[in-house]
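Listed below, chain by chain, are the residues.
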Amino acid sequence: MLNKQFFIFALLMSLLVTRSVLAEQEKLEVSGFGTLATATADTRTYQFRNDRSQAEIAKKDGLAFKPLSLIGVQFDYSVSNNLDFVGQFVYRAQDEQNLDSVTQMAFLRYDITPSWQLRAGRLAADIFHFSDTRDVSIAYPWVKVPTEVYGIVPARSFDGADISYSKPYTDFSLLVKAFWGQGESDFTSDEYDPITFNDLRSIGVEFVAFDWSVALKHTLTEAENDNSDSAFVATTVAQLQPFWSGATDFANSLSLRGATIQYTSLYMNRYLGDWEVSGELSHIDSDSLALRHSLNGFLNVSYLYGAHTFYGLYSFAQSDTYFLSEAQPDFPITPNTAELAVFIEEVGSTLAHNQQSFSIGWRWDLKENLAFKAQVERTDIEARGGGLRARDGLVVNSEDGVAHTLLLALSFSF
């Protein structure tokens with residue numbers, strides 16, 4: 001059972017804040033954001049979803065609003081000059097709908113000095129560059145953040161604490177942040193079956209200037225459990241030990257339980273007049289076969305023309321294709337184990353994504369806090385690499401595929 005002491009503490013603080021609102025309204029700021037969006041694809045084989053946790057999908061001959069639409073509200077309450085509380089609650093399509101699941105952030109923030117800051121509670125998962133604004137569509141030009149980078153890690157927040165140090169220099173500002181905590185991430189699309197991550201440690205360094213920025217983040221964590229599919233396959237493989245001497249070791253390699261996982265990301269952007277060039281490169285790896293080496297990234301070029309932004313976006317996810325016959329040539333293939341062999345390859349391929357997307361889009365800022373966006377995306381999917389798309393059936397297949405997706409969104413803040 002996930003220990004939520006940080007979250008519970010912050011939640012109790014939010015109740016105290018609510019009680020004192022009427023007396024001290026000037027200390028409370030309320031803001032929010034939202035997206036009303038739809039998506040449709042031209043294929044029933046490789047259907048669109050925003051990330052790996054979603055069961056809601058967009059497919060041929062239909063419009064889907066649930067994968068991308070959401071509404072969020074944020075409360076900022078000043079307790080004193082150097083202590084405040086932040087609560088952010090986001091409602092979106094997900095398997096669980098309760099107070100815990102909609103609470104994106106709930107933390108206390110303490111300014112130790114002008115340069116040092118401490119936060120404790122539920123915090124945004126600071127793994128990639130857009131982790132803090134991942135759901136705030138008005139904050140970036142695209143309809144959504146690139147799925148090839150952000151869709152693999154559906155976790156949006158963790159319970160814990162971080163400490164940050166910031167310092168301005170002549171030509172840039174420096175920010176260093178360290179985090180420790182734990183949380184959950186749902187890697188399934190059929191039912192709520194989360195994986196718990198313990199002892200999550202993250203360190204980030206960011207340099208920001210007027211027309212450029214660079215950020216490097218590195219995260220280590222340990223998976224406490226498997227999802228049901230991986231657990232079933234690993235247990236079944238272990239039962240082959242009387243017939244195959246390598247069964248136990250191979251079963252252990254299939255499991256995420258106890259596996260050390262690492263994430264590293266590098267983000268850069270540069271403004272050149274009305275042009276912006278930005279990109280992010282990330283590496284994901286673990287000592288489990290279920291989550292092997294993966295290189296992911298995107299490159300964006302945007303042009304600002306008055307209230308209009310036109311952009312081209314390339315994104316990719318690349319990992320090694322898994323074949324049981326090559327990885328385990330001694331695996332006993334018999335009529336009784338043939339189906340198990342298919343399931344093993346499914347576990348080895350579900351998080352081994354091989355696809356690339358080319359997108360063009362247009363953003364029209366109707367007001368300062370209201371933007372319309374349209375994006376057309378072509379995704380080329382390699383065989384055994386389509387786990388980021390939702391499928392009717394197994395990920396393991398021998399055919400490449402192509403999917404075209406149309407995305408329309410109205411993004412706003414208040």
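Owing to the predicted nature of the structure, the values given are computational and were not obtained by experimental measurement.

Visitor: When you look at the pattern of salt bridges in this model, what are you seeing that I'm missing?
Guide: Where charged atoms from two side chains of opposite charge come close, those side chains can pair. If you walk through the whole model with that rule in mind, you get 16 salt bridges. The closest approach of N and O atoms between Arg156 and Asp51, which form a salt bridge, is 3.2 Å. Of this pair, Arg156 sits in the loop between α3 (147-150) and β6 (157-168) while Asp51 sits in the loop between β1 (28-41) and β2 (70-80), placing them 105 residues apart in sequence. Pair check on accessibility: Arg156 and Asp51 agree, each one buried. For the salt bridge of Asp100 with Arg122, the shortest nitrogen-to-oxygen distance reads 2.8 Å.

Visitor: Any chance you could explain a nonpolar patch on the surface here in plain terms?
Guide: There is a patch of nonpolar side chains on the surface, built from Leu36, Leu63, Phe65, Trp364, Leu366 and Leu410 and spanning about 570 Å² of accessible area. The residue Leu410 is located in strand β16 (residues 401-413) in this model.

Visitor: How should helix α4 (residues 228-238) be read in this particular structure?
Guide: Counting along an α-helix, one turn takes 3.6 residues, and residues three or four places apart therefore face a common direction. Of all the positions in α4, only Ser230, Val233, Ala234 and Val237 are classed as buried. Relative to the axis of α4, the buried residues are bounded by an arc of 95° and lie together on one face.

Visitor: What exactly am I supposed to notice about the environment of Leu240 here?
Guide: Its location among the elements puts Leu240 in the loop between α4 and α5 (247-254). Here Leu240 is in contact with Ala247, Phe331, Thr337 and Leu340, once residues within four sequence places are set aside.

Visitor: Help me understand the pairing of strand β14 (residues 355-367) in this model?
Guide: The side chains of a regular strand alternate, first on one face of the sheet and then on the other. When strand β13 (residues 308-319) meets β14, the two strands line up antiparallel, connected through 10 bridges. Pairing of Ala317 across the sheet is with Gln355, part of β14. Two strands pair when backbone bridges link them, and β14 and strand β15 (residues 370-381) are joined in this way by 12 bridges, in the antiparallel orientation. Bridge pairing in β15 links Trp364 to Phe372. Two successive antiparallel strands, β14 and β15, enclose a turn made up of 2 residues.

Visitor: For this particular structure, what's the right way to read the nonpolar core?
Guide: One broad trend across soluble globular proteins is that nonpolar side chains are buried collectively. Counting 64 residues, the largest nonpolar core has Phe250, Leu254, Phe331 and Ile344 as its most contacted members. The residues touching Phe250, leaving out its near neighbours within four places in the chain, are Val237, Trp244, Leu289, Tyr322, Leu324, Gln328, Phe331 and Ile344. By size, the runner-up hydrophobic cluster in this structure holds 6 residues, among which are Leu70, Val90, Val136 and Ile138.

Visitor: Which parts of the structure should I look at to understand the packing of aromatic side chains?
Guide: How two aromatic rings sit relative to each other is given by the distance of their centres and the angle of their planes. One pass over the structure, following the stated rule, counts 21 aromatic pairs. Pairing Tyr314 with Phe316 gives two aromatic rings, centres 6.0 Å apart and planes at 25°, and the pair type is stacked. The exposure class of Tyr314 is partly exposed, given its relative accessible area of 29%. In textbook terms, an aromatic cluster arises when at least three aromatic residues are bridged by ring pairs, as seen for Phe128, Phe130, Tyr140, Trp142, Tyr150, Tyr267 and Phe298.

Visitor: It is not clear to me how the confidence of the model for the chain should be interpreted in this structure. Could you clarify?
Guide: Reading predicted coordinates in detail is not appropriate for stretches of low pLDDT. Here the chain averages 89 in pLDDT, and 91% of its residues register 70 or above. Under a pLDDT of 50 for its full length, residues 1-6 has, in the predicted model, 13 contacts with residues more than four places off or in other chains.

How each quantity is defined
- Residues numbered from 1 in each chain as written.
- Predicted model: local features only at pLDDT ≥ 70, side-chain atom pairs only at ≥ 80, totals over all residues.
- Heavy atoms only, no water.
- Salt bridge = Lys/Arg side-chain N within 4 Å of Asp/Glu carboxyl O.
- Helix = DSSP H or I, 4+ residues; strand = E, 2+ residues; numbered from the N terminus.
- Buried < 20%, exposed > 50% of the residue type's maximum accessible area, 1.4 Å probe, protein only.
- Patch = residues over 30% accessible without salt bridge, like charges linked within 9 Å, V, L, I, M, F, W, Y side chains within 5 Å.
- Areas by Shrake-Rupley, 256 points an atom, 1.4 Å probe, with all protein chains shown as cover.
- Arc of directions from axis to C-beta.
- Contact = heavy atoms within 4.5 Å.
- Pairing = 2+ DSSP bridges.
- Core = buried A, V, L, I, M, F, W, Y, C linked by side-chain atoms within 4.5 Å.
- Phe/Tyr/Trp six-rings, centres within 6.5 Å; stacked < 30°, edge-to-face > 60°.
- pLDDT = per-residue confidence, 0-100.

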